[in-house]
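Residue-level listing of the chains:
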Amino acid sequence: MTSLWARGGHLTDGRRVDLHLAEGRIAAISPAISPASREEVDLAGFLVLPAPVEPHAHLDKAYTADLVGATGADLSAAVEAWLAYRPTVAEAEIAVRAAIAVRSYVANGVTAVRSHVDVGEDVGLRGLTALCAVRDAVAAECEIQLVAFPSVPLTGTAGANNRALLREALAVGAHIVGGCPARDPDPAGCIAVVLSIAAEAGVPIDLHIDEHLDAEPDTLSLLTDVVIGTGFPHRVVASHCVSLGMATRERAHAVADRLAAAGIAVISLPHTNLYLQGRDHPTVVPRGLTALRILREAGVTVAAGGDNLQDPFNCLGRADPLETAVLLVLAGHDSPEAAYSSISAAARTALGLSSVDIVVGAPAELLAIRAANLRAAIATGSSDRVVVHAGRVIARTETTRHYPTLSPEEVNA
Ligand SMILES: [Zn+2]
């Protein structure tokens with residue numbers, strides 16, 4: 001393992017420090033005065049933060065917006081367009097697009113990604129095989145978790161092949177069971193199948209939950225009841241939970257208390273849900289976000305991710321968790337600190353990753369960004385970033401801005 005001095009950056013409390021990184025961890029923190037050494041990176045002017053995480057991506061769909069079309073669609077139309085395109089996708093093409101996406105996340109500071117990957121009769125396990133290869137290829141830069149995302153239905157006779165493919169996906173490389181119970185003809189049955197297959201394989205679950213504005217179907221309550229009722233022993237994540245954001249305060253508090261009791265983490269996906277939801281509301285447009293603050297107050301782990309990256313479900317996206325943080329602050333009324341926690345500490349908790357703080361002994365997973373403080377880092381989203389994974393610098397971006405019409409005196413004025 002390498003050893004590295006990351007010098008002269010400042011922390012959120014204002015201290016300027018030198019960090020000694022060794023054996024993949026922060027080995028020492030000292031005031032920023034240490035003598036020069038060859039294995040060092042100069043962080044003067046940079047804010048040093050725990051590295052962000054992308055807790056919910058679809059790497060197999062990344063950068064397909066221009067290939068699939070359907071720009072400006074709602075969720076049903078986006079699903080329809082994607083399913084029409086999916087059978088034509090080659091494994092090599094998925095791998096190329098996914099690798100570009102991962103490198104974009106990494107350059108922006110992400111050192112761990114959880115990606116859902118489509119599994120179904122028309123696409124087989126091609127997406128999963130492609131993403132397993134990408135996971136191996138980028139292992140030194142980024143930890144990738146793969147969620148098998150089965151096709152609908154997962155229940156009844158019609159779902160037999162999808163259940164078989166889901167089990168096969170777990171056997172060949174996925175380590176988390178996904179699904180979308182609200183789109184299954186039997187939502188409760190779908191949740192039962194997911195829990196049973198996950199329990200049999202001994203793995204966590206991460207479901208797309210209630211990505212709609214209506215109160216029904218309420219698969220969040222179904223999931224919570226089953227997790228509490230069965231004592232399901234592995235980690236459970238409910239992604240989206242959009243309809244909870246439309247509930248009355250009383251109902252949202254009650255649901256949040258049950259989620260906290262069940263130990264279910266929620267992942268909010270502001271890009272996609274601001275993009276997809278509420279298109280039939282030309283005025284008073286619903287925001288499509290879950291009840292962020294009520295969930296946090298109840299003690300629920302609330303993470304946030306970018307979800308779709310320039311595909312039919314969101315034609316924009318920069319693979320930058322700071323963009324997610326911007327949306328949490330603007331559309332969710334989070335503080336910058338709560339927003340950053342959702343893309344870092346809370347996301348790590350939801351994904352079962354060890355926690356990262358800037359303290360001796362913590363894993364050396366760091367984002368250094370040219371900014372005075374956390375609010376400014378989120379506001380500017382400066383491209384000047386240094387990213388450390390397992391104690392090594394894995395990406396560095398430096399921007400140069402020219403003003404050809406100004407003299408040096410005017411530029412520096
Ligand atoms: Zn998703």
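Structural notes, computed from the coordinates.

Basis of the calculations
Residues numbered from 1 in each chain as written. Predicted model: local features only at pLDDT ≥ 70, side-chain atom pairs only at ≥ 80, totals over all residues. Heavy atoms only, no water. Buried < 20%, exposed > 50% of the residue type's maximum accessible area, 1.4 Å probe, protein only. Helix = DSSP H or I, 4+ residues; strand = E, 2+ residues; numbered from the N terminus. Pairing = 2+ DSSP bridges. Right-handed = clockwise from strand over helix to strand, strands pointing away. Donors = N, O, S within 2.8 Å, 3.2 Å for Na, K, Ca; no water. Tetrahedral: all angles 85-135°; square planar, octahedral: opposite > 155°, others 65-115°. Contact = heavy atoms within 4.5 Å. Core = buried A, V, L, I, M, F, W, Y, C linked by side-chain atoms within 4.5 Å. Phe/Tyr/Trp six-rings, centres within 6.5 Å; stacked < 30°, edge-to-face > 60°. Lys NZ or Arg CZ within 6 Å of the ring centre and 35° of its normal. Axes fitted to C-alpha atoms, helices over the stretch in contact; angles between N-to-C directions. Parallel < 35°, antiparallel > 145°, perpendicular 65-115°, else oblique. Left-handed = near helix turned anticlockwise from the far one by under 90°. Nonpolar A, V, L, I, M, F, W, Y, C, P; charged D, E, K, R; others polar.

Regular strands have side chains that alternate between both faces of the sheet. Across the eight residues of strand S7 (residues 112-119), eight count as buried, placing the element largely inside the fold. Here S7 shows two buried faces, one formed by Ala112, Arg114, His116 and Asp118 and the other by Val113, Ser115, Val117 and Val119. Note: strand S6 (residues 54-57) against S7, two bridges, orientation parallel. The residue bridging alanine 57 from the neighbouring strand is serine 115, located in S7. Direction of pairing for S7 relative to strand S8 (residues 143-150): parallel, over a ladder of eight bridges. Bridging across to S8, aspartate 118 finds its partner in phenylalanine 149. The parallel pair S7 and S8 is bridged by helix H4 (residues 126-137), and the resulting crossover is right-handed.

Moving on: the coordination of the zinc ion. Binding of the zinc ion to the protein goes through His56 (NE2), His58 (NE2), His208 (NE2) and Asp307 (OD), at separations of 2.0 to 2.7 Å. Here the zinc ion binds four donor atoms, and the angle range of 86 to 172° at the metal identifies the geometry as irregular. All donors of the zinc ion belong to a single chain; written as a sequence motif, their spacing is H-x1-H-x149-H-x98-D. Of this pair, histidine 58 sits in the loop between S6 and helix H1 (65-68) while histidine 208 sits in strand S10 (residues 205-209), and the two are 150 residues apart along the sequence. As far as burial versus exposure is concerned, histidine 58 and histidine 208 are alike and both buried.

This part takes up the environment of leucine 353. Structurally, the position occupied by leucine 353 is in the loop between helix H13 (345-351) and strand S14 (366-370). Taking the C-alpha atoms as reference points, leucine 353 and alanine 112, 241 residues apart in sequence, are found 8.9 Å from one another. If sequence neighbours within four positions are ignored, leucine 353 has contacts with Val53, Ala112, Glu143, Gln145 and Arg348.

Our focus in this paragraph is the nonpolar core. Membership of the largest hydrophobic core comes to 99 residues, with the highest contact counts inside it found for Leu59, Tyr105, Val177, Ile205 and Leu223. Sequence-distant contacts of leucine 223, defined by excluding residues within four places in its chain, comprise Ile191, Leu195, Ile205, Leu207, Ile209, Val236, Ala238 and Ile264. Core analysis: the second largest hydrophobic core is formed by 18 residues, Leu4, Ile358, Ala368 and Val386 among them.

With the rule as written, the count across this model stands at one aromatic pair. The lysine or arginine in question, arginine 279, covers the ring of tyrosine 275, its NZ or CZ lying 4.6 Å from the ring centre.

Let us look at the packing of helix H11 (residues 321-332) against helix H12 (residues 336-343). Look at H11 against H12: their axes get within 9 Å of each other, and the N-to-C directions meet at 135°. Classified by the interaxial angle, the pair formed by H11 and H12 is oblique. The crossing of H11 and H12 is right-handed. Where H11 abuts H12, its residues Pro321, Leu322, Thr324, Ala325, Leu328 and Val329 lie against Pro336, Ala339, Tyr340, Ser342 and Ile343. Of the residues belonging to the contact of H11 with H12, the class tally is nine nonpolar, two polar and no charged.

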